[in-house]
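Here is how the chains run, residue by residue.
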Amino acid sequence: MISPKTSKRSSGVSDTPVFLYGTDKELSLTDPGVLGTLLGSAAGLTSLALIGLGLGALLRSVPGGITAFIGGVTVLPEVLRMFPYDVMDSASKYFPGRAAEGLMTLHDSSDYAATGPALLALTLWTAAILGAAGLLLKRRDV
């Protein structure tokens, strides 16, 4: 079994696994923002999976659900960013894929929404799509 390198720190934390040991990108779970980014990544991917589930249930079609997911998560925000209006660029930050990317970045960037608004936007997208899917499934299939 291969074990990650560990480091001893003067702050009293010892034997903490260090990733990319010996490089300028060396990180530890105790470094500022790393644990939050890790949890944000898990929340973002879970939300995207639930959005995919909701779209599949809404459309009752596997190809339609995949197309809607890819189009809504990756293509549409990038198309909106091509328009020369600041409003479009700002709005694209809150689409599911871009909001999830914002949760997965360690350092703040103007390309993505901040962590709190990104998490809120992703939660609202997930709740809206799953809510609509639940209502339609109950109405159509029961």
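So, here is what we can say about the structure in this document. In this text, all values refer to a predicted model and were calculated from it rather than measured experimentally. (Residues numbered from 1 in each chain as written. Predicted model: local features only at pLDDT ≥ 70, side-chain atom pairs only at ≥ 80, totals over all residues. Heavy atoms only, no water.)

Description of the environment of Leu-39
For step 1, the next point in the chain: Relative to the helices and strands, Leu-39 resides in helix H1 (residues 34-59).
For step 2, the next point in the chain: Once the C-alpha coordinates of Leu-39 and Leu-103 are considered, the two residues, 64 residues apart in sequence, prove to be 8.5 Å apart. (Helix = DSSP H or I, 4+ residues; strand = E, 2+ residues; numbered from the N terminus.)

Concerning unusual backbone geometry
For step 1, the next point in the chain: In this model, Arg-60 sits at a positive phi of 50°, which is unusual for a non-glycine residue.
For step 2, the next point in the chain: With respect to the element layout, Arg-60 can be found in the loop between H1 and helix H2 (62-82).

What to know about the nonpolar core
For step 1, the next point in the chain: Ile-51, Leu-55, Leu-58, Ala-118, Leu-122 and Ile-129 are the most contacted members of the largest nonpolar core, which totals 14 residues.
For step 2, the next point in the chain: Within the residue set of this core, elements represented by two or more residues are H1, helix H4 (96-103) and helix H5 (115-141).
For step 3, the next point in the chain: Sort the elements by how many residues they give to this core and H1 lands first, with five residues.
For step 4, the next point in the chain: Residues contacting Ile-51, with those up to four places away along its chain left out, are Phe-69, Pro-96, Leu-122, Trp-125, Thr-126 and Ile-129. (Core = buried A, V, L, I, M, F, W, Y, C linked by side-chain atoms within 4.5 Å. Buried < 20%, exposed > 50% of the residue type's maximum accessible area, 1.4 Å probe, protein only. Contact = heavy atoms within 4.5 Å.)

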